[in-house]
Structures are given as structure tokens and as C-alpha cells.
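For reference, the chains in residue letters:
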Amino acid sequence: MSKADGGDPAGVSPPAGWADGGGGPMGSKQMEMRKRQMFAAQETPGAAPGQHVGGNRGSNACCFCWCCCCSCSCLTFRNQEDQRPRRASHDLRTEGFLTCEESTTPTLEEVSSWAQSFDKLMITPAGRNAFREFLRTEFSEENMLFWMACEELKKEANKNMIEEKARIIYEDYISILSPKEVSLDSRVREVINKNMLEPSQHIFDDAQLQIYTLMHRDSYPRFMNSTVYKDLLQSLSEKSTEA
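Below is a short write-up of the structure. Given the structure is predicted, the values throughout are model-derived calculations rather than measurements.

Analysis parameters
Residues numbered from 1 in each chain as written. Predicted model: local features only at pLDDT ≥ 70, side-chain atom pairs only at ≥ 80, totals over all residues. Heavy atoms only, no water. Helix = DSSP H or I, 4+ residues; strand = E, 2+ residues; numbered from the N terminus. Buried < 20%, exposed > 50% of the residue type's maximum accessible area, 1.4 Å probe, protein only. Areas by Shrake-Rupley, 256 points an atom, 1.4 Å probe, with all protein chains shown as cover. Phe/Tyr/Trp six-rings, centres within 6.5 Å; stacked < 30°, edge-to-face > 60°. Expected span 1.5 Å × (residues − 1). Contact = heavy atoms within 4.5 Å. Salt bridge = Lys/Arg side-chain N within 4 Å of Asp/Glu carboxyl O. Core = buried A, V, L, I, M, F, W, Y, C linked by side-chain atoms within 4.5 Å. Axes fitted to C-alpha atoms, helices over the stretch in contact; angles between N-to-C directions. Nonpolar A, V, L, I, M, F, W, Y, C, P; charged D, E, K, R; others polar.

**Looking at the overall build of the protein chain**
Then, number 1: Helix and strand counts for the protein chain come out as 11 helices and zero strands.
Then, number 2: Mapped from its N terminus to its C terminus, the protein chain presents α and β elements in the order α-α-α-α-α-α-α-α-α-α-α.
Then, number 3: Buried positions account for 33% of the 243 residues belonging to the protein chain.
Then, number 4: Counting every atom, the protein chain has about 15,700 Å² of accessible surface; 53% of that belongs to carbon and sulfur.

Given below as C-alpha cells:
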């Protein structure tokens, strides 16, 4: 392409949607400059990946680059800065439910009562632990983890902690990008998205009820016929007989 009179340089035409004098996607010329800076940074000895060669941390040269594969330095620095205040998020996650709840050994009577209703199973730590162990074998442990996280959120009174825990729950179980995303209908998701602007202890109540119902109808019947439950029941029955 040749240079037109009064137009853009040869080979550099404005991308579609770019308005004269207005904001929009980064043009081809700016993109090419950005790529050269990235290549120069990678080829310069001693330069860290994604770091400006000149060390100019304040540069916003690539702030309008929305390419998903972009490893530009401004995004790198922003990611590093975002990680600092969110170290507490990691602590909250590790304080969560990575291990089973503390509970005493259930009695034969208690384990037998789990067959009467799902509520009786879920009301005790021992019941939740056994059910969670079964869900892990079906690769659906996230349903129990989400339900438990919602229960913990309801106990929180501090506004800042409510917002932080709500954000963690959203990222872990509501976001479609999460590998632990739970199955919710679009109506519930829409309500949660709106309420995330100012979350409360009960922001996930509807979602929690949906997951509780799902576990009740779908997983609970299989749990009652599983080896996890039958082996536990048999073990306690034998101990009771020996005693």
C-alpha cells in the first residue's frame, strides 16, 4: 500500500472502529512499537521478562493493549502490585476447608440417622466430613466447599472482611473462569453480580440453597448407597456388637 496524500504512512492504516481524535483500540503503529519494545526487552542481557529496558516503570505505553497474550510491563507491574494487598486473600483461603472439620467419632445411632434425611447428615461435622469424602470421589467436592464457605460468611460481622470473603467465594465458586465453579442458573448469577458492588453476609443465600438442593437430590441418594457410607456403618455396627 502506498502513502496517500494527507493519509497515514504506508502499511499503517487505522484499525476498524478507531475514531479520529477519539479513544479506541491501539493502532497498528502503536502495536508495532510495543512489540519492538517487548522484543528489545527480551533480547537485552540481564533484562527481566516483561520489564522495560530503560526501567521506566511509570510508562503507560501499552495501557490500551487488550491482547490476551500481551506480557507488557505495565500489566506485569500491576499484577505484582495487585498481589501485595491480596496476600491476605491467600491466608483466608488457606484458613478455609482444605482439611476435614474437627469432629468426634460418630456413633452408630448418629450415622444411622443420616439415612433418615439429608438435613440430619448436614447438621453434624462428622456427617459433612463423610459426605465430603464421597463428593471428592465424584469430583464435586466444590459443592460442599461452597456451601461451607457461605455458612462461614454468614457469621462474619466486619464489613471489610465480608467484602473480602465474598470476593474470594465469588472467584473460587461463582466465576466462570474458576475450575471449582458450581452449577447455578442465570437468574441467581445475575443477582450475585449486581450485589457484588456492596456484598452482605447473605449475598450467596439463593446460590447456597440451589447447591444444597442439588446435593440433596443428586448426590445424597448415591452417598447412601456408596461404600463410604456402608463401610462406616458396618464398622460402627461391629464395634457396637463387640462392646
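**Considering the packing of aromatic side chains**
Then, number 1: As enumerated under the stated definition, the model contains 11 aromatic pairs in all.
Then, number 2: Three or more aromatic residues joined by ring pairs form one cluster here, namely Trp114, Phe118, Phe131, Phe134, Trp147, Tyr212, Tyr220, Phe223 and Tyr229.

**Points about helix α7 (residues 141-154)**
Then, number 1: With 14 residues, α7 ought to run about 20 Å at 1.5 Å a step, and its terminal C-alpha atoms sit 21 Å apart, in line with that.
Then, number 2: The buried fraction of α7 amounts to 11 of the 14 residues, a majority that puts the element mostly inside the structure.
Then, number 3: All of the buried residues in α7 are Glu141, Glu142, Asn143, Met144, Leu145, Phe146, Trp147, Met148, Ala149, Cys150 and Leu153.
Then, number 4: Here the buried face of α7 lies against α5 (118-122), α6 (125-137), α8 (159-174) and α10 (205-224).

**A word on the side chain of Arg128**
Then, number 1: One can find Arg128 in helix α6.
Then, number 2: If we ignore the near neighbours within four places in the chain, the residues touching Arg128 are Glu101, Leu121, Met122, Ile123, Met144 and Trp147.

**Considering the pattern of salt bridges**
Then, number 1: Per the counting criterion, the structure on display carries 14 salt bridges.
Then, number 2: For Arg136, the salt bridge identified is with Glu141, shortest N-O distance 3.0 Å.
Then, number 3: Residue Arg136 is classed as partly exposed on the basis of its relative accessible area, which comes to 38%.
Then, number 4: Residues Asp205 and Lys154 are paired through a salt bridge, measuring 3.9 Å at the closest nitrogen-oxygen approach. Remark: Lys154 occurs in helix α7 and Asp205 occurs in helix α10; sequence separation between them is 51 residues.
Then, number 5: A network of salt bridges, in which partner residues are shared, links Arg132, Arg136 and Glu141.

**Observations concerning the nonpolar core**
Then, number 1: Counting residues in hydrophobic clusters, the biggest one holds 39 residues, and the most contacted among them are Phe131, Phe146, Phe204 and Phe223.
Then, number 2: Of all the elements in the fold, those that place two or more residues in this core are α5, α6, α7, α8, α9 (186-195), α10 and α11 (227-242).
Then, number 3: Looking at this core element by element, the count peaks at eight residues for α7.
Then, number 4: Once residues within four sequence positions are removed from consideration, Phe223 is found in contact with Trp114, Leu121, Ala130, Phe131, Phe134, Val228 and Tyr229.

**Side note on unusual backbone geometry**
Then, number 1: Here the phi dihedral of Phe139 falls at roughly 60°; this positive angle occurs in a residue that is not glycine.
Then, number 2: Mapping Phe139 onto the fold places it in the loop between α6 and α7.
Then, number 3: Using a relative accessible area of 73% as the deciding quantity, one classes Phe139 as exposed.

**Section: the packing of α6 against α7**
Then, number 1: At their nearest, the axes of α6 and α7 sit 7 Å apart, and the two run at 145° to each other. Within the contact between the two elements, α6 uses Arg128, Phe131, Arg132, Leu135 and Arg136 and α7 uses Glu141, Met144, Leu145, Trp147 and Met148.
Then, number 2: Residues of the contact of α6 with α7, tallied by class, amount to six nonpolar, no polar and four charged.

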